[in-house]
Amino acid sequence: ELRSAQLQGKITVLRFWDPGSAASIAAHLADANLVRDHWDAPFELVGVAVNEDRTSYLELLADRSFAGMQLFDGPISAQLADALAKDAGRYVTAGGENAPIGASPAWSAPTPGSVFVVDARGIVRGRDLPYDDLRALVRSLLDEENHRRRESLLTQGRSR
């Protein structure tokens with residue numbers, strides 16, 4: 001389970017990918033460079049696997065080292081949905097009206113390979129960019145966020 005509060009204040013790259021597509025996996029693996037380049041910055045990579053087969057997805061994760069946070073966005077059993085809901089303090093069934101919504105429906109069901117860049121305030125600032133443009137946008141947003149944080153610290157220091 002991922003909550004938006006976990007990403008608040010971070011530049012987030014949200015990559016929808018299909019574990020059955022070589023091109024999709026390659027793009028997601030390339031995103032690992034962003035994680036490596038910005039390991040010490042307010043940055044998060046979230047990979048959302050759009051797939052029907054949870055077992056093969058989990059096997060792929062065990063075989064490969066994907067960077068960032070990984071989410072499975074496909075069908076789960078009613079038993080697993082109930083267990084997750086119970087752990088979260090509520091009881092629902094997989095098809096119940098209060099059942100958690102997956103990431104794909106929440107983002108209007110983007111196709112695998114789609115990428116969204118979200119700034120630290122939660123505003124989508126880019127979508128489906130070529131890789132070099134994606135890197136440049138992330139760098140620019142991180143510079144913006146670092147500048148905003150420095151200004152905030154200076155303002156706090158002046159008000160004391």
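Residues numbered from 1 in each chain as written. Predicted model: local features only at pLDDT ≥ 70, side-chain atom pairs only at ≥ 80, totals over all residues. Heavy atoms only, no water.

(A) View of the packing of aromatic side chains. The final tally for this structure, using the stated rule, is four aromatic pairs. Relative to phenylalanine 66, the ring of tryptophan 17 lies with its centre 4.8 Å away and its plane at 45 degrees, an arrangement referred to as tilted. Here phenylalanine 66 lies in the loop between helix 3 (54-63) and strand 3 (69-72) and tryptophan 17 lies in strand 1 (residues 11-17), a separation of 49 residues in the sequence. For the pair shown, tryptophan 17 and phenylalanine 66 are each scored as buried. On the basis of an interplanar angle of 40 degrees and a centroid distance of 5.2 Å, the ring pair of tyrosine 57 and phenylalanine 72 is categorised as tilted. Residue tyrosine 57 is located in helix 3, and its partner phenylalanine 72 is located in strand 3; the two are separated by 15 residues in the primary sequence. One aromatic cluster in this structure is built from Trp17, Tyr57, Phe66 and Phe72. (Phe/Tyr/Trp six-rings, centres within 6.5 Å; stacked < 30°, edge-to-face > 60°. Helix = DSSP H or I, 4+ residues; strand = E, 2+ residues; numbered from the N terminus. Buried < 20%, exposed > 50% of the residue type's maximum accessible area, 1.4 Å probe, protein only.)

(B) Main features of the pattern of salt bridges. Taken as a whole and judged by the stated rule, the model has eleven salt bridges. A salt bridge links arginine 121 to aspartate 119, with the nearest nitrogen and oxygen atoms 3.1 Å apart. What makes aspartate 119 buried here is its relative accessible area of 4%. Put simply, Asp119, Arg121, Arg125 and Glu144 are held in one network by salt bridges that share partners. (Salt bridge = Lys/Arg side-chain N within 4 Å of Asp/Glu carboxyl O.)

(C) A look at a negative patch on the surface. Together, Glu52, Asp53, Glu59 and Asp63 make up a negatively charged patch on the protein surface. Looking at the element boundaries, aspartate 63 is found in helix 3. The exposure class assigned to aspartate 63 is exposed, which follows from its relative accessible area of 69%. (Patch = residues over 30% accessible without salt bridge, like charges linked within 9 Å, V, L, I, M, F, W, Y side chains within 5 Å. Areas by Shrake-Rupley, 256 points an atom, 1.4 Å probe, with all protein chains shown as cover. Lys, Arg positive; Asp, Glu negative; His and termini not counted. Charge placed at Lys NZ, Arg CZ, Asp CG, Glu CD.)

(D) Structural detail: the environment of aspartate 31. In this structure, aspartate 31 sits in the loop between helix 1 (22-30) and helix 2 (32-37). Given the relative accessible area of 0%, aspartate 31 is considered buried. Those residues within four positions of aspartate 31 in sequence are excluded, and the remaining contacts are Arg15, Leu45, Tyr131 and Leu134. (Contact = heavy atoms within 4.5 Å.)

(E) Spatial organisation of the pairing of strand 1. In terms of burial, strand 1 is a largely internal element, seven of the seven residues being buried. Burial along strand 1 is two-sided: the face carrying Ile11, Val13, Arg15 and Trp17 and the face carrying Thr12, Leu14 and Phe16 are both buried. Both strand 1 and strand 2 (residues 43-49) contribute to a ladder of seven bridges, which runs parallel. When the sheet's bridge partners are listed, isoleucine 11 is paired in strand 2 with phenylalanine 43. In terms of strand pairing, strand 1 meets strand 4 (residues 115-118) through four bridges, oriented antiparallel. Looking across to strand 4, one finds that arginine 15 is bridged to valine 115. (Pairing = 2+ DSSP bridges.)

(F) Region of the structure containing the nonpolar core. Counting residues in hydrophobic clusters, the biggest one holds 13 residues, and the most contacted among them are Ile11, Val13, Phe43, Val117, Leu134 and Val138. Sorting the residues of this core by element identifies strand 1, strand 2, strand 4 and helix 6 (131-158) as the ones contributing at least two each. The biggest single contributor to this core is helix 6, with five residues. (Core = buried A, V, L, I, M, F, W, Y, C linked by side-chain atoms within 4.5 Å.)

(G) The pairing of strand 3, seen in detail. As paired elements, strand 2 and strand 3 share four bridges and run parallel to each other. Bridge assignment links alanine 49 to a residue of strand 3, and that residue is phenylalanine 72. What joins strand 2 to strand 3 is helix 3, and the crossover it makes is right-handed. (Right-handed = clockwise from strand over helix to strand, strands pointing away.)

Treat this as a map of the structure, not an account of what it does.
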